[in-house]
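Listed below, chain by chain, are the residues.
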Amino acid sequence: MPPKKGRGRKSRKPKGREEAPADARSDAVRDRDDGRDVGADFALPETRTIIPEDQVKLSEKEMDEDVTRVLTANDPNVPANIIVFHYKDREYKRLPPGPSDHVVCHFAMEGSAMHVNSEEAKVQVESDRVKREAEEERKKMSKAEAQAEGKYDKDMHAKMELMKVAKNQFNFSDRAAQTFNMGIRHKIVSTKPPLAKTFAANFTQWDIYDEYMKEFEQQQAQAAAGREKGRKGGEDEPPEAAPKKDLIHSASMGRSLKVLERMVNQNEDDEVYQDFKYWEDASDQFREGMGSLLPLWRFQDTRVKRKMVTGIAWNPVYADLLAVSYGNYDFMKQGSGLICVYSLKNTSHPEFMFTTDSGVMCLDFHPQHHALLAVGCYDGTVKVFDVRKKENTHIFVSDIKTGKHTDPVWQVSWQEEDLAKDLNFFSVSSDGRVANWIMSKNELKMETVMLLKLVTASSEEPDEETSLTGLAGGSCFDFNRMTEHLFIVGTEEGRIHKCSKAYSGQYLETYVGHHMAVYAVRWNPFHPRVFLSCSADWTVKLWDHRCPTPIMSFDVSTAVGDIDWAPYSSTVFACVTADGRVLVYDLMVNKHGALCNQKVVKKAKLTHVRFNATEAILLVGDEKGMCNSLKLSPNLRLVTQPPKSDVPLKKGEVAPPPPSRLEIEIGKINSLLASADAAVPVEESAAELAAAAEGKGKAEAEAEAPAAV
């Protein structure tokens, strides 16, 4: 409703406003009976602005300027510069503000207690003394008057004085009462003693044997009688009742309960499972070159408190099955180890669980025998578990007799099964040895494949431990997928060594690029020459094993705990940092920065990362014993499609076959290497490298190893 306007004297019109037309005035202000304007005799009050003489005069620009004032909770009356002498450090120190700096006193009341030496206390004591003397003087005068009049009774006066004496500050009356004492009764029950009988006998081993033979002969006779009776009239005899099965503890009941538990958990976490199956980040369509991670499940258990996630391994056959190892990287906090095998179908509780006496540092599933799980422990032992067995025990373990590492085992890796050899896996430890473990029928045999000899520059001096042993501490290693005899080893000194199983006398190449311990090295799953490394010096480096210097280097501003190549692209990899971040790179999209830089945990250090082989899931573990699963957005899992040929075909000409998946991925890496550094030769084409990766034999690979040296 518009405001009413008077028709008296003209009021001051605000600047910038136009006066409404006269015909727009409301008819409600007029008297409908006589048509006279009701507001004709009314004038609006005039407003005058009085400016004080001492007011600061500001210009229009100064008046339009915004002045920011910040309100804080700090009390300005609290002293913040108190200096005291610290007797322990023998110096003056400034005390920080105490906890009572922001305390406001809302109520205070003075008490009646006074110090005995204060002036008020002295006045109070003097007043009490005067009162007592006045009272005694009054009693003496009344006693004298009573004696003068002859009314003074000495006995009565003494009795009155006694009555005035109180036990305490209250007037209690003295009373006495006598109660009845209950009599003591003794109740005795007599029973008859049990009958005692003395028995004694002598027996020998022959007596025991005879008794057993009698029992055995009776059983044989009963069995023969039953068979004879069955031959004569067994058809008319009813068959014996079959023993009842325990359905509650049967295997079928166990399978049914497991299926029911998975159904309940999937119904409870239905939103998470729907996101896992169908959610796609729609914002990726509008932000090219960027992606995100969606948190799905968090795998944790109450028994992994105060333990770190030290290893993650996906099962090569069952894509929903994963194993997580728990231990501790801190030397002063060592304890027992734990291995939990989880399933994406039941994320609330592990499917299998195994315990070890020492902390578990690494683990790996066998690529063919998917139930075998190899683990390395902090005390230098390696163990092999069979997850199909219900018992919480290993099937193979290393010991001092057959061979054992003397330092923590940081990584284990199974080798492809060879029909002519037993199952075997490799391990690397801080004691400077890369060992091969062969599973025989009854024991686990150890063979030293490589001794990591210390390689230092002339200006560097090794520390005391390495100078005594002469070996570099191995921290990680990885085998080439295409050339199985070739592997690389990362050390605690920052060096990366290329080695060969066919020639273990010396290193094939030493790569210098990191200045601190190398935490992980990974060969590219598509290209036979490219590998990644990460270190505590805040960098991730891309290498070509033919070049001793890194091709690319990525600085992430904090220590990098682990790296992993994506299984769907040769240019996508992920790394985790010590400040809780996950970084995902795609070198074909952006060679200088990450497509996704997302913090997934708070106040925790991420230790390991693994891609799932079939699903768009990334697993990350932290130092608090939690394993988080993250779903990749569409921009983070782009797959390069085969190029379409626009060249028209002539009559009778057959179109060439499209490049294979491996050729496409190798071609992406080749183009990346050519653009990154012209000094790195790209001698083979993508087709040649793909053919070599698919058809290269082990004998040919071993034959070229000494030539490379």
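The structure under discussion appears in the preceding block.
Small disclaimer: the values here were computed from a predicted structure and weren't measured. In this convention, every chain numbers its residues from 1, walking through the sequence in written order. Thresholds applied to this predicted model are a pLDDT of at least 70 for local features of residues and 80 or more for the giving and counting of side-chain atom pairs; totals over whole chains, interfaces and linings are not thresholded and use all residues. Just so you know, side-chain values use all the structure's heavy atoms and leave hydrogens and water out.

K.L.:
Please provide a residue-by-residue account of the sheet that holds strand β3 (residues 293-299), values included.
P.N.:
Read from one edge of the open sheet, four strands run β3-β30-β29-β28, paired in antiparallel fashion. Lying at the two open borders of the sheet, with one neighbouring strand each, are β3 and β28 (606-611). Each strand axis lies, on average, 25° off the axis of its neighbour in the sheet, ignoring direction. In this scheme, strands are said to pair when DSSP sees at least two bridges between them. The helix count covers DSSP runs of H or I at least four residues long, the strand count covers runs of E at least two residues long, and both are numbered beginning at the N terminus. As paired strands, strand β29 (residues 617-622) and strand β30 (residues 627-632) are joined by five bridges and run antiparallel to one another. Opposite Val620, over in β30, you have Asn628 as the bridge partner. In what follows, residue pairs with any heavy atoms lying within 4.5 Å of each other are defined as contacts. Between the N-to-C directions of two axes lies an angle of 0 to 180 degrees, each axis being a line fitted to C-alpha atoms and, for a helix, fitted only over the stretch in contact. Packing of helix α6 (residues 270-278) onto the sheet brings it into contact with β3, β29 and β30, and relative to β3 it is tilted by some 135°.

K.L.:
Give me the lowdown on the pattern of salt bridges, citing residues and values where you can.
P.N.:
What counts as a salt bridge is simple: a side-chain nitrogen of Lys or Arg found within 4 Å of a carboxyl oxygen of Asp or Glu. A full pass over the atoms with the stated rule returns 19 salt bridges. The partner of Arg637 in a salt bridge is Glu280, with the nearest N and O atoms 2.4 Å apart. Of this pair, Arg637 sits in the loop between β30 and α8 (661-676) while Glu280 is found in the loop between α6 and β3, placing the two residues 357 residues apart along the sequence. Burial classes follow relative accessibility: with a 1.4 Å probe on protein chains only, a residue under 20% of its type's maximum area counts as buried, one over 50% as exposed, and anything between as partly exposed. On the accessibility criterion, Glu280 (39% relative accessible area) is partly exposed. Within the structure, one salt-bridge network assembled from shared partners comprises Glu126, Arg129 and Glu133.

K.L.:
Can you lay out the nonpolar core for me, pointing to particular residues and giving the numbers?
P.N.:
By size, the foremost hydrophobic cluster in this structure holds 22 residues, and its most contacted members are Val540, Leu542, Ile563 and Phe573. Those elements that provide at least two residues to this core are β21 (530-535), β22 (539-544), β23 (552-555), β24 (560-565), β25 (572-577), β26 (581-586) and α8. With sequence-adjacent residues up to four places away left out, Leu542 is seen in contact with Val530, Phe531, Leu532, Pro550, Ile551, Met552, Trp565, Leu587 and Leu672. Nonpolar cores are built from buried Ala, Val, Leu, Ile, Met, Phe, Trp, Tyr and Cys residues. Side-chain atoms within 4.5 Å join them into one set.

K.L.:
So what's going on with the pairing of strand β27 (residues 596-599)? Which residues, and what values?
P.N.:
Of the two faces of β27, the one holding Cys596 and Gln598 is buried and the one holding Asn597 and Lys599 is not buried anywhere. Judged from the four bridges that link them, β26 and β27 form a sheet pairing that is antiparallel. Looking across to β27, one finds that Val582 is bridged to Gln598.

K.L.:
Tell me about the pairing of β29, residues and numbers included.
P.N.:
Counting buried residues in β29 gives six out of six residues, a clear majority hidden from the surface. Across the two faces of β29 the burial is the same, with Ile617, Leu619 and Gly621 and Leu618, Val620 and Asp622 all buried. Pairing geometry for β28 and β29, over five bridges, is antiparallel. Bridging from a neighbouring strand, Leu606 pairs with Asp622 of β29. Linkage of β28 to β29, two consecutive antiparallel strands, is achieved through a turn of five residues. With antiparallel pairing between neighbouring strands as the criterion, β29 and β30 make up a hairpin whose turn holds four residues, including Gly625 at a positive phi of roughly 85°.

K.L.:
Outline a negative patch on the surface, supporting the account with residue identities and numerical values.
P.N.:
Like-charged residues within 9 Å of one another, or nonpolar side chains (Val, Leu, Ile, Met, Phe, Trp, Tyr) within 5 Å, are grouped into patches, provided each residue has over 30% relative accessible area and no salt bridge. Residue burial considers only the protein chains on display, and all accessible areas are found by Shrake-Rupley using a 1.4 Å probe. Charged residues are defined narrowly, with Lys and Arg counted positive, Asp and Glu counted negative, and His plus the chain ends left uncounted. Note on charges: their place is set at NZ of Lys, CZ of Arg, CG of Asp or CD of Glu. Judged by side-chain charge, Glu60, Glu62, Asp64, Glu65 and Asp66 come together as a negatively charged surface patch. Along the polypeptide, Glu65 turns up in the loop between α1 (60-64) and β1 (83-86).

K.L.:
Account for the sheet that holds strand β13 (residues 424-429), naming residues and giving values.
P.N.:
Taken together, four strands build an open sheet; the order of strands is β12-β13-β14-β15 and the sheet is antiparallel. Every other strand in the sheet has two partners, leaving β12 (409-414) and β15 (444-451) as the edge strands with one partner each. For this sheet, the mean angle separating the axes of adjacent strands, direction not counted, is 25°. Where β13 meets strand β14 (residues 433-439), five bridges bridge the pair, whose relative direction is antiparallel. Each bridged residue has a counterpart across the sheet, and for Asn424 the counterpart in β14 is Ile438.

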